[in-house]
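Chain by chain, the residues:
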Amino acid sequence: MISRRRFMLGTAALAGSALTPAAIRAAPAAEPFPELRAAPATAQLLPADTFGPTQVWAYNGATPGAPIRVKAGERVRRRLVNDLPQSTAVHWHGIRIDNAMDGAAGLTQDPVQPGARFDYDFVAPDAGTFWYHSHDRSWEQMARGLSGPLIVEEPEPWLGADRELTLFIDDWRLTGEGMIDEDSLGSLMDWGHGGRIGNVVTVNGTVGPVLPVRAGERIRLRLINGANARILGVSLEGLGPRLIAVDGHPVAPRGLKDDVVVLAPAQRADVVVDCQAEPGARVPVKVYADRSWIDAADLVYDNRAALPTKPSDIKPLAETMRHELDMDKALDVRLDMSGGAMGSMERAMVDGRERGFDELVKLRRIWAFNGVAGDMDEPLFRASVGRTVKLTIFNDTRWPHAMHLHGHHFKVLTRDGKADPDGDWRDTVLNAPMETIEIALEASNPGKWLLHCHMLEHQVAGMKTWFEVA
Ligand SMILES: [Cu+2]
């Protein structure tokens, strides 16, 4: 493996920074909920000895936003205040949430206009690693920094590690001046290919952070891929990683091929690692980016004597979400993906009318589900509460896609006709080019729910539909 520290993966043209300050509003009366203010801010993403702070959009001045922590079954209350120059909304990704609080602007709520506010108030029923992020123009707002961790703790503390550490991994496309590359926001080239891939990778909002550890420590890492479109490989070589949860959902502890966690955009993994180096050591955590491994963070061992060696077995997390799948009575739903660069899509429906490819390009709708490019008039399916739904998804494109269902978790049944060896429950799944996957869910949560690609440029360009549970 090549180990090299670099933070600029490429250079880009200088773009002017055109962040208009948001409207200043009169002070509100009572503030019943803690505020979550979305607003322009600055963040020292890059090493301070190279560039000054980057102008970003942030929650309460921070990107990623401060971790929100509750215990399973507790309520999350936040007053979103929009001090951005455009509308916004917050999605609480992976939470089996009350539909009205899901934050899917245009489907479950009206977008929150500049200067306006919205009170989010919901129960987080299941322990796990989740996150929150913008769900209005998310391809732009998340590229500018609007996301953060949402950690739901087990009701009874899990004692399988000495401590835990969240690594929120994101990528950014910055100019040669260290600013957000605004000129390429909305690039149709990105939309039709692999999405907006950044040239800088940050961990917890900074390039190459130092993470102090003690020799012998066992740590529960909560890994979150907050990138717009980048599929992350995270190498935990030398740390004996064992996977214990996927998308917040506990799994029987297991090792990882080549000690690498692969995370599609929006995915999370909880991994137990053992800090096995000597006091004083410095060990990189590497991320695979642009065909090479880069040092994304450094574990720096302090000089304290090593803690005693831990037992090799890992205590599993307690089961959280319960699901009943009745495959005999499952509703069969098929979803065929098409479009994108080098694809075979020749026409698709937009606004109830069939359009040829040239027109689709003009409309910036260049991906489709079942021949429909992002129209939201009709749901993909309707199901009653308790019904099992089997979704067969065929990726008839040249690009991988990260399918995400709102409000529900699902089980991966098969990939290209073969039983998925892990059969994990999850809320986001990576679907390889030309691959067919079968997933199953229990339609358990009433409401209208989005189903979309979490490569945000694909989502806006047509890879979006919804389903209704009644
Ligand atoms: Cu996609």
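Conventions adopted
Residues numbered from 1 in each chain as written. Predicted model: local features only at pLDDT ≥ 70, side-chain atom pairs only at ≥ 80, totals over all residues. Heavy atoms only, no water. Helix = DSSP H or I, 4+ residues; strand = E, 2+ residues; numbered from the N terminus. Rg over C-alpha atoms; globule rule 2.2 N^0.38 Å. Buried < 20%, exposed > 50% of the residue type's maximum accessible area, 1.4 Å probe, protein only. Domains from an automatic or database assignment. Contact = heavy atoms within 4.5 Å. Buried area = accessible area lost by both parts, 1.4 Å probe. Salt bridge = Lys/Arg side-chain N within 4 Å of Asp/Glu carboxyl O. Nonpolar A, V, L, I, M, F, W, Y, C, P; charged D, E, K, R; others polar. Core = buried A, V, L, I, M, F, W, Y, C linked by side-chain atoms within 4.5 Å. Pairing = 2+ DSSP bridges. Axes fitted to C-alpha atoms, helices over the stretch in contact; angles between N-to-C directions. Donors = N, O, S within 2.8 Å, 3.2 Å for Na, K, Ca; no water.

The next thing to look at is the overall build of the protein. When helices and strands are counted, the protein shows four helices and 33 strands. On C-alpha atoms alone, the protein measures out to a radius of gyration of 22 Å, which is about the 23 Å that the 2.2 N^0.38 rule sets for 470 residues. Counting only C-alpha atoms and orienting by the principal axes, one finds that the protein spans roughly 70 × 55 × 50 Å. By the burial criterion, 57% of the 470 residues in the protein qualify as buried.

We now examine the domain arrangement of the protein. Looking at the protein, the domain boundaries give domain 1 (35-153), domain 2 (163-301) and domain 3 (327-469). Distance between the C-alpha centres of domain 1 and domain 2: 20 Å. Each partner contributes residues to the interface: domain 1 has 30 residues there, and domain 2 has 32 residues. Together domain 1 and domain 2 conceal approximately 2500 Å² of surface at their shared face, both sides included; 63% is due to carbon and sulfur atoms. Where domain 1 touches domain 2, the interface holds two salt bridges. One salt bridge in this structure joins E182 and R144, with 2.7 Å as the shortest N-O distance. Mapped by element, the contributors of at least two residues to the side of domain 1 that touches domain 2 are β2 (54-59), β7 (128-134), α1 (138-141) and β8 (147-153). Of the residues assigned to the side of domain 1 that touches domain 2, the class counts are 15 nonpolar, 12 polar and three charged.

This part takes up the nonpolar core. One finds W92, I95, L335, L391 and M403 to be the most contacted residues of the largest nonpolar core, which totals 70 residues. Counting residues per element, this core draws most heavily on strand β20 (residues 331-339), which supplies four residues. Ranked by size, the runner-up nonpolar core spans 33 residues in total, among them V203, V251, V285 and A289.

This part takes up the pattern of salt bridges. Applying the stated criterion across every chain, the model contains 43 salt bridges. Here E359 ties to R353 by a salt bridge, and the two come within 3.5 Å at their closest N and O atoms. The exposure class assigned to E359 is partly exposed, which follows from its relative accessible area of 28%. In this structure, a network of salt bridges that share partners links the residues R69, K71, E153, E154, E164, R220, R222 and D270.

Moving on: the side chain of D170. Tracing the chain through its elements places D170 in strand β9 (residues 163-172). Residues within four places of D170 in sequence aside, it is in contact with S147, V200, V201, T202, G226 and A227.

With that settled, consider the sheet that holds β2. What the four strands build is an open sheet, ordered β2-β1-β4-β6; its pairing is mixed. Two strands bound the open sheet, and with one partner strand each, they are β2 and β6 (117-123). Put simply, the sheet's adjacent strands are angled 25 degrees from each other on average, direction ignored. Bridging between strand β1 (residues 35-43) and strand β4 (residues 75-82) involves four bridges; their strand directions are parallel. When the bridges of β4 are listed, E35 appears paired with R79.

Taken together, H401 (ND1), C453 (SG) and H458 (ND1) make up the protein donors of the copper ion, found 2.0 to 2.1 Å from the metal. In primary-sequence terms, the residues that donate to the copper ion follow H-x51-C-x4-H. Of the two residues, H401 is situated in strand β26 (residues 401-405) and C453 in strand β32 (residues 447-453); the sequence distance between them amounts to 52 residues. The pair formed by H401 and C453 is uniform in burial state, with each residue classed as buried.

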